[in-house]
Each structure stands twice: as structure tokens, then as C-alpha cells.
Amino acid sequence: MNRLPRRLKLVSALLVPLLTATLSGCATTTNPVTGERELVGMSTEQEIAIGEKAAAQVARDMGLVENAALQSYVRAIGDKLAPYSPRQDLPFSFDVVSMPEPNAFALPGGHIYVSRGLIAIANSEAELAGVVGHEIGHVAARHHAQRQTRSQAVGAATVLGTLAAAVLGGGQAAQAVNEFGQLAGGGLIASYGRDQERQSDDVGQRMAAQAGYDPGAISSFLETLGRATTLETGQERRPSFFDSHPSTPERVQATRQRAASLTRA
């Protein structure tokens, strides 16, 4: 009759130190975009350090376009947008990577990249500004730090559940909990990613309007990107539960509606 209480005490002894260690590296800060308090596991200094290391790897492995005029063009757009970022504690930088596929991404610390393939399909400077603004939005809202914190939490929760199942229910129960934790964790992170993309669209459009660009230009770019993807793959991209981006039609509709409410400077 005393075996279960003894096991519960063992679970507590195992789990409390692990949970404490997981949370000890996190701090509560105010998100620059939402104004809400949130728990994150990465300081501004860490963001910058991680970004610098990753930027060096991007330059080495992907390569930057050597066309000075093209680089200057993109940097001028970024420099026009950056003063309107909700976050002003980072040294933003903007570069063109030598990638034929249309792509754009941001690194922690403010490194923003667009590919030469993306520039090739952009129909206007305003469309490109919408893309750059979207990437600034990821950095401004601390999405990298949020993702890291959530990944740590999901990983810790899976380990906690596995330990508890191993102690209380044996090896088969532990395996089942671990597999379910991986599945649920993947869905949680992917769903959160979709919200991040929507938020970055919002921030990017507002910045574009403040900088004097047409905030609706991102909508037309998304349509162009959708057609380019269909042409390349032979089929329309269908979003799944584990897809980190909302569907293109959803984003087009949302960005058009938002643009109608924004005043261009």
C-alpha cells in the first residue's frame, strides 16, 4: 500500500530539480511589440552574440552578393525602416545572400537577409520594403528568444513526463509519454510560429507605412510568391498543422485588410 506514495516522492525528487534548472535561465521582460510581460531565456547580449556568430556562418556558407549597388539598395531600404522598429536596442544590418530561391530571414541581434532570388520577383521597392519590415518584426518581437524558451519548456515537459511515467507506470508508459510529448511539442511550436508570422506581418506593414511605403505592397508580393512557388513545384502549397507559416491566401487577405486601416506617411 505504501509503494505508490514512495514512488510519488521519488518523482518529486527527480522532477523538481530539473524544472528549477530549466526555469532558472529565464527572465521576465516586457515584449517591445505587444507591451506584455513574458518569460524568455535569452538576454539582449546573448541575442547579439548568437546573431554575430550565425551571421559569420551565413557569409561563409551561403555567401553575400558582391554587387555593391544591389547591397546598397537593400541596405537603404532597411535603414529607412529601422528607425520605426518597436525595438531600438539592436544594431540592425541588411544584406543580400547569394541564393537563387526567393527567401528572406532574420537572425537574433538584428541581422536581416533577403535572397537575390527574392529581389528578382519583387515588383517594386515597396514590396521589398514589406518583406524587410516583416523580418525586422521577427527581431523586434523577440521571436527567436520566444522560440528558444518554448523549445526548452516543451523539452523539459517531455522529460518530466517520461520520468514520471517511468517511475509510476514502467518503461512502456514512459515511451508512450515521450512519443506523445514530441508530437504535441512539435504542434505547439508550429502553431506558435504561425502566430509569430501574423505578428510580423502586422509590425512590418505598420513600419512600411510610417516610412512612407505602401503598406499594401506586401499583399501583392505574397501573391507573386505564391505563383512562383506553384510554378516551381507544380502545385499550390497546402498548409499543414505543423506548417510554421499561415496559408498564403490567409496572409494576403489579412494584410490587405490591415493596409486599408493604415495611413501612409
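The structure presented is a predicted model; accordingly, all values stated were derived computationally and were not measured. (Residues numbered from 1 in each chain as written. Predicted model: local features only at pLDDT ≥ 70, side-chain atom pairs only at ≥ 80, totals over all residues. Heavy atoms only, no water.)

1. Brief notes about the pattern of salt bridges
Test applied: What counts as a salt bridge is simple: a side-chain nitrogen of Lys or Arg found within 4 Å of a carboxyl oxygen of Asp or Glu. Strands here are runs of E lasting at least two residues and helices are runs of H or I lasting at least four, both read from the DSSP assignment and numbered beginning at the N terminus. Partly exposed describes any residue whose relative accessible area lies between the buried limit of under 20% and the exposed limit of over 50%, with all areas from a 1.4 Å probe on protein chains only and scaled to the type maximum.
Within this structure, the stated rule accounts for 11 salt bridges. Between Glu47 and Arg87 there is a salt bridge, and its shortest N-O distance comes to 2.6 Å. Here Arg87 lies in the loop between helix H3 (68–81) and strand E3 (93–97) and Glu47 lies in helix H2 (residues 44–61), a separation of 40 residues in the sequence. There is no split in this pair, since Glu47 and Arg87 are both buried. Among the ionic pairs, Asp201 bridges to Arg251, the shortest N-O distance being 2.8 Å. Residue Asp201 is located in helix H7 (residues 171–210), and its partner Arg251 is located in helix H9 (residues 248–260); the two are separated by 50 residues in the primary sequence. Among the ionic contacts, a cluster of salt bridges with common partners joins Glu47, Arg87, Asp89 and Arg142.

2. Some remarks on H2
Quick note on the threshold: In a helix, the anticipated span is given by 1.5 Å times the number of residues less one. For this quantity, the arc is that covered by the directions from the helix axis to the C-beta atoms.
The terminal C-alpha atoms of H2, which comprises 18 residues, lie 25 Å apart, in line with the 26 Å expected from a rise of 1.5 Å per residue. Within the span of H2, buried status applies to Glu47, Gly51, Ala55 and Val58. Projected onto a plane normal to the axis of H2, the buried residues spread over an arc of 65° and lie on a single side. Set apart from the buried face of H2 by more than 90 degrees, the exposed residues are Glu45, Lys53, Arg60 and Asp61.

3. Here we look at the packing of H3 against helix H5 (residues 125–140)
So the rule is basically this: Lines fitted to C-alpha atoms define the axes here, with helix axes fitted over just the stretch in contact, and angles between the N-to-C directions of these axes take values from 0 to 180 degrees. We call two directions roughly parallel when the angle between them is under 35 degrees, roughly antiparallel when it is over 145, roughly perpendicular when it lies between 65 and 115, and oblique otherwise. Handedness of each helix crossing follows the sense of rotation of the near helix against the far helix: counterclockwise by less than a right angle gives left-handed, clockwise gives right-handed. Residue contacts follow a heavy-atom distance rule, with two residues in contact if any of their heavy atoms lie within 4.5 Å. Lys, Arg, Asp and Glu make up the charged group, whereas Ala, Val, Leu, Ile, Met, Phe, Trp, Tyr, Cys and Pro make up the nonpolar group; the residues left over, Gly among them, are polar.
Closest axis-to-axis distance for the H3/H5 pair is 10 Å, and the angle between their directions is 60°. Relative to H5, the element H3 lies oblique. Here H3 runs over H5; the crossing is right-handed. Counting all contacts with H3, which are made through Tyr73, Val74, Ile77, Gly78 and Leu81, the residues of H5 involved are Glu125, Leu128, Ala129, Val132, Gly133 and Ile136. Tallied by class, the residues present in the contact of H3 with H5 amount to eight nonpolar, two polar and one charged.

4. Quick word on H3
Cut-off, in case you're wondering: N or O atoms closer than or at 3.5 Å make up a polar contact, with two conditions inside protein: a donor-capable atom paired with an acceptor-capable one, and, for residues adjacent in sequence, both atoms drawn from side chains.
The end-to-end C-alpha distance of H3 is 20 Å, a good match for the 20 Å that 14 residues give at a rise of 1.5 Å each. Considered for burial, the residues of H3 that qualify are Gln71, Val74, Ile77, Gly78 and Leu81. Across the axial projection of H3, the buried residues extend over an arc of 130°, all falling on one side. Counted as exposed and oriented over 90 degrees from the buried face of H3: Ala68 and Ala69. A side-chain oxygen of the first residue of H3 lies 3.0 Å from the backbone nitrogen of Ala69; this N-cap is Asn67.

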